[in-house]
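# Structural overview for review
Listed below are the residues making up each chain.
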Amino acid sequence: MATLLPAYGVCKFTTTGERRVAERLQQKLEDDYLLWYDVPVGPSNSHPDFVVLHPKRGILILEVKDWKLETVHGADRQSIQILTPNGLKYVANPLEQARQCAHAVVDWLKRDKQLIAEEGRFAGQLMFPWGYGAVFPNITRRDFENAQLHEVMEPGHVICKDEMTETIDAEFFQQRLWGMFGVKFSAHLTLPQIDRVRWHLFPDIRLDPQKSADLFEKESPQSDGSANVLSAFPEIVRVMDLQQEQLARSLGEGHRVVHGVAGSGKTLILGYRAIHLAAACTRPILILCYNRKLAEKLDHWMHQKDLRGKVVVQTFHKWCLAQLKAYNVSVPHGVEGEEFYAQLVAKMILAVDRKHIPGGQYDALLIDEGHDFRPEWFKLVVQMVNPTSNSLLVMYDDAQSIYQEAVKRKFSFKSVGIEAQGRTTVFKINYRNTREVLRVAAAFAADLLAQYEADDDHVPTLEPISVGREGPKPLFIQLPTLADEMAWVAAHLKKAHDGGLAWREMAVLYREYEPAGKSLMQTVRNAGIPVVWQKDVHFDEAQDSVKVMSMHSSKGLEFPLVILAGLGCVRVGDAESLSEEARVLYVAMTRSTRELVMTCDRETDITRRLAAAAGVKPQDDDEALRAYALKEVESGNVNVALWKTTELLSGDSELAHRERYLGARVVELREFAKEQLRREGRMA
């Protein structure tokens, strides 16, 4: 059975004819066919009734018309005259409509060199066939010909009522479809090429929504109908996988829970859902999360889509405060910190219970970072959903729950008012991180990620599966002092920028501001690097600066280069606090989309675990390193010997094949070299 997006059960078919066509396409086509119903296509957002894609057959655009023969009163190649309840009306010829849409799609796809045949008969053309057609579920082939409609619509591009019955032979039905292709040849689209086609046709499934928006703003048609000239399409594109797209397009009414590992696209799906609901809802849509920076990022995204008036994005506590003020309920006074927030929530719950603050304010509620919500918070916010729409979506990953108390919270969704039985989805594939980054993060947090299965009403723990994207091996760097460590971090940032990485694509994360964060900010600023601290971080292209923030503040964000600095300053008490720190560090490590660097200035339980996860073996091959250090010092580079040896051990020099870093042994190597030269009388 072919895959239909959205799922058949949630498609809102305009006519019964469209419903029957969807049924036949699903039933009569094999599993490797992909079908899209009424989904906006390409930069022009055209809406063909169906798009059919097959790796060997190619792409097909279909228009469906539910007309009966007596409805049609006249026709030519451009338009059809039909009888409506309001009288005669001219509408576009559906075959011409499909043809124009197909040509627009093909013209766009042909601008991507990776989808063009390089040799053979079809060199310079799309590497796969394409076609278009019209379907008439209520007009038989005989009636079609007797009405002389074949004179204005090529018969081979049309399927009629008697050619799409429930009992029709599947092979015959497929032959009718593929007769709609003007040119036929065998294609062999790979999975990456299919994803590339999807990336072009459906911009809303791209995994970088901001860049997608920017691209189509630049590539919109000009006034004369022609398209602007592209400089280039990305060499590598990232889109939702079919499970993600199916969920994003098929989220129906009611309560839904998505359990997904870090980097599985949960926030993207939530944003997609908000945009979709905004077009249909009359009351506001509320997005809640725990992390301030994630809330700012989501709000920026909604602003880009011009939806700030319809979609409200807030942290849970900010929303509580706004509600209390809006309904003239007193807010806590004379307390700060955790006590303030605890009293704030208590007042909010009491005000809702006493009907001082009304429920049902929002047509939809979307919760990101549900793993950081307390059970009583869920009970509160569920009451805010309009009972008529009853639309609730919760994104959850137990492994990323970093704001828990000592006792781990276990609860059933039903106990807090979330009715998600039978409407729970699990995502295990990590798209954000490279294989190398995910390997180190998973090795470090192995106990944390021990897989725990659960039914639809409870919370599972999921072990992430890498999508297989490769990148540089994560580095673990140990320097002799905190000052040396931060100087190394600044040097590495400069090196990355010299290599072509924009400042805004780098982030340095710390666990505590004192002393690590404070030292980091001072050192990076003194090095002349543009940098912003977490409260000043924005998400527009204009802020081309390195982002420095706490690990907690980084939740939900991602950057090509992530440095975890000051790891030697992480304080750990008992085994329980070690587990909590492991969660925080796991979240921080999985913010990297390409390169991960971890630095410290001392050995602790945490740094030993990180070293083991990164594959550090201090006893490895002193001889080559001593020779290198001796060479550096002998040549007079005493002041840079430490840094040069650090680069060597990190795999950035002539011994780049080495995968391990020897940490503080670098200092010993330098001193060894200096002492060796003194003994030989070549150094004072």
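Residues numbered from 1 in each chain as written. Predicted model: local features only at pLDDT ≥ 70, side-chain atom pairs only at ≥ 80, totals over all residues. Heavy atoms only, no water.

### As for the overall build of the protein chain
Which entries qualify depends on this criterion: We count a stretch as a helix when DSSP gives it H or I for four or more residues in a row; a strand needs E for two or more, and each element gets its number in order from the N terminus. Three labels apply to residues, based on accessible area from a 1.4 Å probe with only protein chains included: buried if under 20% of the type maximum, exposed if over 50%, partly exposed otherwise in between. Two residues qualify as a contact provided that any one of their heavy atoms is within 4.5 Å of a heavy atom in the partner residue. For every accessible area listed, the method is Shrake-Rupley and the probe measures 1.4 Å; residues are considered covered only by the protein chains on display.
When you go through the protein chain residue by residue, the secondary structure sums to 20 helices and 23 strands. Among the 684 residues that make up the protein chain, the fraction classed as buried is 53%. Across the protein chain, every contact between residues at least 6 apart in sequence was considered, and the portion connecting residues at least 24 apart equals 73%. Only carbon and sulfur atoms are counted for the fraction: they give 50% of the accessible area of the protein chain, which is about 30,300 Å².

### Notes on the sheet that holds strand β22 (residues 559-564)
How we decide: For two strands to count as paired, DSSP must find a minimum of two bridges between them. Throughout, an axis means a line fitted to C-alpha atoms (over the contacting stretch in the case of helices), and angles, computed between N-to-C directions, take values from 0 to 180 degrees.
Taken together, six strands build an open sheet; the order of strands is β18-β23-β22-β19-β21-β20 and the sheet is parallel. In this open sheet, the two strands that pair with only one neighbour each are β18 (475-478) and β20 (531-533). Ignoring strand direction, the axes of neighbouring strands in this sheet form an average angle of 20°.

### A closer look at the pairing of strand β4 (residues 58-64)
Burial analysis of β4 places seven of its seven residues in the buried class, which makes it a mostly covered element. Two elements, strand β3 (residues 50-54) and β4, share five bridges in a ladder whose sense is antiparallel. In the strand pairing of β4, Val 52 is matched with Leu 60. Two successive antiparallel strands, β3 and β4, enclose a turn made up of three residues.

### Description of the packing of aromatic side chains
Using the following cut-off: By convention, a stacked pair of Phe, Tyr or Trp rings (six-membered ring in the case of Trp) has centres within 6.5 Å and planes under 30 degrees apart, an edge-to-face pair has planes over 60 apart, and any other such pair is tilted. Over a ring means this: the NZ of a Lys or the CZ of an Arg is within 6 Å of the ring centre and within 35 degrees of the ring normal.
Applying the stated criterion to the full structure yields 19 aromatic pairs. Between Phe 373 and Trp 377, the ring centres sit 5.5 Å apart and the planes meet at 75°, which makes this aromatic pair edge-to-face. The pair Phe 373 / Trp 377 is uniform in exposure class, with both members buried. Ring centres of Tyr 396 and Phe 413 lie 5.8 Å apart, and the angle between their planes is 85°; on these two criteria the pair is classed as edge-to-face. Here Tyr 396, found in strand β14 (residues 391-396), pairs with Phe 413, found in the loop between β14 and β15 (424-427); they are 17 residues apart in sequence, far enough to count as distant. Residue Phe 413 is classed as buried on the basis of its relative accessible area of 0%. Following the ring pairs from residue to residue traces out a cluster consisting of Tyr 290, Phe 316, Trp 319, Phe 373, Trp 377 and Phe 378. Here the guanidinium or amino end of Arg 609 rests over the ring plane of Phe 444, the centre of that ring lying 5.0 Å away.

### Focus: the nonpolar core
In summary, soluble globular proteins display a tendency toward joint burial of nonpolar side chains. As a reminder, the rule being used: Nonpolar cores were defined as sets of buried Ala, Val, Leu, Ile, Met, Phe, Trp, Tyr and Cys residues, with membership established by side-chain atoms within 4.5 Å.
By size, the foremost hydrophobic cluster in this structure holds 80 residues, and its most contacted members are Phe 128, Met 153, Leu 201 and Val 311. Apart from residues lying up to four places away in sequence, Val 311 is in contact with Ala 274, Ala 278, Ile 285, Ile 287 and Met 302.

### Some points on the sheet that holds strand β12 (residues 311-315)
The strand order β12-β11-β13-β14-β10-β15 describes an open sheet built from six strands, whose pairing is parallel. With partners counted over all chains shown, the strands left at the sheet margins are β12 and β15, one partner each. Averaged over all adjacent pairs, the angle separating strand axes in this sheet is 15°, with direction ignored. With four bridges joining them, strand β11 (residues 285-289) and strand β13 (residues 364-367) adopt parallel strand pairing. When the sheet's bridge partners are listed, Ile 287 is paired in β13 with Leu 366. Contacting β10 (255-260), β11, β12, β13, β14 and β15, helix α8 (residues 266-278) crosses the sheet at an angle of about 165° to β14. Strands in contact with helix α10 (residues 316-326) are β11 and β12; relative to β12, the strand with the most contacts, it is inclined by about 110°.

### Quick word on unusual backbone geometry
Cis peptide bonds are those with omega within 30 degrees of zero, and the linkage from Leu 5 to Pro 6 qualifies with -5°. Locating Pro 6 in the fold gives a position in the loop between β1 (3-5) and α1 (16-28). Residue Pro 515 follows Glu 514 across a cis peptide bond; omega there is -5°. Take Pro 515: it is sitting in helix α15 (residues 513-526).

### Quick look at the pattern of salt bridges
For the record, the criterion: By definition here, a salt bridge exists when the distance from a side-chain nitrogen of Lys or Arg to a carboxyl oxygen of Asp or Glu is within 4 Å.
For the coordinates displayed, the defined rule picks out 24 salt bridges. The salt bridge partner of Arg 249 is Asp 204, with a shortest N-O separation of 3.2 Å. Here Asp 204 lies in the loop between α5 (191-201) and α6 (209-218) and Arg 249 lies in helix α7 (residues 242-250), a separation of 45 residues in the sequence. Given the relative accessible area of 10%, Arg 249 is considered buried. Salt-bridge contacts for Lys 518 lead to Glu 514; the nearest nitrogen and oxygen are separated by 3.8 Å. One end of the pair, Lys 518, and the other, Glu 514, are both in helix α15, four residues apart, so they sit about a helical turn from each other. Judged by relative accessible area, which is 47%, Glu 514 ranks as partly exposed. Put simply, Asp 195, Arg 198, Asp 204, Glu 245 and Arg 249 are held in one network by salt bridges that share partners.

### Remarks on the environment of Val 352
By the element assignment, Val 352 lies in helix α11 (residues 337-353). A relative accessible area of 4% places Val 352 in the buried class. It is 9.9 Å that separates the C-alpha atoms of Val 352 and Val 381, two residues lying 29 residues apart in sequence. Not counting residues up to four positions away in its chain, the partners in contact with Val 352 are Ile 357, Leu 380, Gln 383 and Met 384.

### A word on the environment of His 492
Inspection of the secondary structure puts His 492 in helix α14 (residues 482-498). Take His 492: its relative accessible area is 8%, and that puts it in the buried class. Taking the C-alpha atoms as reference points, His 492 and Val 597, 105 residues apart in sequence, are found 9.4 Å from one another. Not counting residues up to four positions away in its chain, the partners in contact with His 492 are Leu 475, Leu 561, Ile 563, Glu 595 and Val 597.

### Quick word on helix α4 (residues 170-178)
Test applied: Here the arc refers to the set of directions running from the helix axis out to each C-beta atom. For this analysis, a polar contact is any N or O atom pair within 3.5 Å, provided that within protein one partner can donate a hydrogen and the other can accept it, and provided that sequence-adjacent residues contribute only side-chain to side-chain pairs.
Those residues of α4 that fall on the buried side of the exposure criterion are Phe 173, Gln 174, Leu 177 and Trp 178. For α4, the angular spread of the buried residues around the axis is 130°, confining them to a single face. The inward-facing, buried residues of α4 contact α1, β3, β4 and β9 (158-160). The backbone nitrogen of Glu 171 lies 3.1 Å from a side-chain oxygen of the residue at the head of α4, namely Asp 169.

### Digging into the pairing of strand β23 (residues 592-600)
Residues in a regular strand project their side chains so that they alternate between the two faces of the sheet. The element β23 is extensively covered by neighbouring structure, given that eight of its nine residues are classed as buried. Here β18 runs beside β23; their pairing, made up of four bridges, is parallel. Its bridge partner lying in β23, Leu 475 is registered against Val 597. Where β22 and β23 come together, five bridges link them in parallel fashion. Bridge pairing in β23 places Ile 563 opposite Val 597.

### A word on the side chain of Gln 361
Tracing the backbone through its elements, the reader meets Gln 361 in the loop between α11 and β13. For Gln 361, a relative accessible area of 16% corresponds to the buried category. Polar contacts involving the side chain of Gln 361 include one to the side chain of Gln 323, which spans 2.8 Å.

### Looking at the confidence of the model for the protein chain
To be explicit about the condition: Along the chain, pLDDT gives the predictor's confidence residue by residue, from 0 to 100.
Chain-level pLDDT for the protein chain is 82 on average; 81% of the residues reach the 70-or-more range. Across residues 618-622, where pLDDT falls below 50, the model places nine contacts with residues more than four positions away in sequence or in other chains.

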